[in-house]
Amino acid sequence: MSERRTGVLAGLAAYVLWGLFPLYFPLLEPAGGVEIVAHRIVWSLLFIALLLSVLRGWPQVRRALADRRTLLVLAGAAVLITGNWLTFVIAVNSDHVVDTSLGYFINPLVSVLLGVLVLGERLRGLQWAAVATAAVAVLVLTVDTGRPPWIALLLAGTFGAYGLLKKLVRVEAAPGLFVETLLLVVPALVVLVVLQVRGAGSLGEAGAGHVLLLATSGIATAVPLLLFAASTRRIPLTTVGLLQYVTPLMHLAIGVFVNGEPMPPARVVGFAVVWAALVLFTVDSLRAGRAARRLVREPAPAGL
């Protein structure tokens, strides 16, 4: 029970920290989205390197770098997570927090669909119903605004594909994130130098406090991931799946009640349809979890 409680608390802490990101990234202005992501990469690399030294995790990093397949998969993951970070930061700093909420609400359903399309997994009836219902929600929002909800779709698509690639390699959170940021650090440094030379960078232009805030982006990136990894090792994935809705709920609340973003009727309907899809998805996950536990408890039939 203690392990389970620790896992739940770690998972809840991870999702709450991710949920606070819409309040955190505006603090990094006047840095723009590209500059923030570049700083996030650089400072994450430094923070995780320190963490790996404390945890003695360098052997895992060396194994990942020595394996060509693992390196290629992590390189693809690095590109996807960069796209996800950039989309999120730009959306948050341009007052589209509600759209980020929608993206992370539909992310579990996108992940399920990717499992079918890429891994050949088979969906149960309720899972198909959930995916179809989410598609209706996207259609409703598209008809209302005259364009697809690109921010939500980009966030869900990039993070879903990132999770898919991470599933293909067996690398712990900290070593994996170190390799990903290592592959990105040179382009990130080039971006920062170019921005500073052109006078478009904010480093050194907004005081020491701004520099310290940019440096905290490394901690803000790594800590929730480490908490998430600790959680998934201690509790069932069905419980993790229920906890993950904390983040988009917080984003939605921040977007509506803090930022004052509009919620016209069509958007409310779209969100309601997404929530209906998530109810179907959650019910199916809980049923499948109970069935799996029953199979484990049932004694094997005696041999003839």
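Residues numbered from 1 in each chain as written. Predicted model: local features only at pLDDT ≥ 70, side-chain atom pairs only at ≥ 80, totals over all residues. Heavy atoms only, no water.

*Asks:* I'm lost on the overall build of the chain in this one. Help?
*Replies:* Check the secondary structure of the chain and you find 13 helices and zero strands. Each helix and strand of the chain, ordered N terminal to C terminal, gives the series α-α-α-α-α-α-α-α-α-α-α-α-α. For 304 residues, the compact-globule estimate of 2.2 N^0.38 gives 19 Å, and the chain sits close to it at 21 Å. Residues classed as buried in the chain amount to 43% of the 304 residues present. (Helix = DSSP H or I, 4+ residues; strand = E, 2+ residues; numbered from the N terminus. Rg over C-alpha atoms; globule rule 2.2 N^0.38 Å. Buried < 20%, exposed > 50% of the residue type's maximum accessible area, 1.4 Å probe, protein only.)

*Asks:* Looking at this structure, how should I read the packing of helix α6 (residues 97–119) against helix α8 (residues 150–167)?
*Replies:* Between two packed helices, the angle of one axis relative to the other and the distance separating the axes together describe the packing. Where α6 meets α8, the axes come as close as 7 Å, and the angle between the chain directions of the two elements is 45°. Taken together, α6 and α8 sit at an angle that is classed as oblique. Between α6 and α8 the crossing geometry is right-handed. Here Asp99, Thr100, Leu102, Gly103, Tyr104, Ile106, Asn107, Val110, Ser111, Leu114, Val118 and Leu119 of α6 come into contact with α8, specifically with Ile151, Ala152, Leu153, Leu155, Ala156, Gly157, Phe159, Gly160, Ala161, Leu164 and Lys167. The residue makeup of the contact of α6 with α8, split by class, is 15 nonpolar, six polar and two charged. (Axes fitted to C-alpha atoms, helices over the stretch in contact; angles between N-to-C directions. Parallel < 35°, antiparallel > 145°, perpendicular 65-115°, else oblique. Left-handed = near helix turned anticlockwise from the far one by under 90°. Contact = heavy atoms within 4.5 Å. Nonpolar A, V, L, I, M, F, W, Y, C, P; charged D, E, K, R; others polar.)

*Asks:* Is there a simple way to think about the environment of asparagine 107 in this case?
*Replies:* Positionally, asparagine 107 belongs in helix α6. Placed 47 residues apart in sequence, asparagine 107 and leucine 154 show a C-alpha to C-alpha distance of 9.9 Å.

*Asks:* Looking at this model, I keep getting lost on the nonpolar core. Mind explaining?
*Replies:* When a protein is soluble and globular, its nonpolar side chains tend to lie buried together. Grouped together as the largest cluster of nonpolar side chains are 47 residues, with contacts concentrated most on Phe25, Ile48, Phe88 and Phe178. Once residues within four sequence positions are removed from consideration, phenylalanine 88 is found in contact with Phe21, Pro22, Phe25, Thr100, Tyr104, Leu155 and His251. (Core = buried A, V, L, I, M, F, W, Y, C linked by side-chain atoms within 4.5 Å.)

*Asks:* What exactly am I supposed to notice about a nonpolar patch on the surface here?
*Replies:* A cluster of nonpolar side chains, namely Leu113, Leu117, Val118, Leu119, Trp128 and Leu168, defines an oily patch on the protein surface of about 550 Å² accessible area. Here the nonpolar patch gets four residues from one element, more than from any other, and that element is α6. On the secondary structure map, leucine 119 appears in helix α6. (Patch = residues over 30% accessible without salt bridge, like charges linked within 9 Å, V, L, I, M, F, W, Y side chains within 5 Å. Areas by Shrake-Rupley, 256 points an atom, 1.4 Å probe, with all protein chains shown as cover. Salt bridge = Lys/Arg side-chain N within 4 Å of Asp/Glu carboxyl O.)

*Asks:* Even after reading the chapter, I still don't get the pattern of salt bridges, so can you show me in this structure?
*Replies:* Taken as a whole and assessed by the stated rule, the structure comprises four salt bridges. Across the salt bridge formed by arginine 267 and aspartate 99, the nearest N and O atoms sit 3.2 Å from each other. A residue pair is termed long-range when its members are at least 10 positions apart, and arginine 267 in helix α13 (residues 265–297) and aspartate 99 in helix α6 qualify at 168 residues. Among the residues examined, arginine 267 registers a relative accessible area of 17% and is labelled buried. According to the relative accessible area criterion, aspartate 99 is buried, its value standing at 15%.

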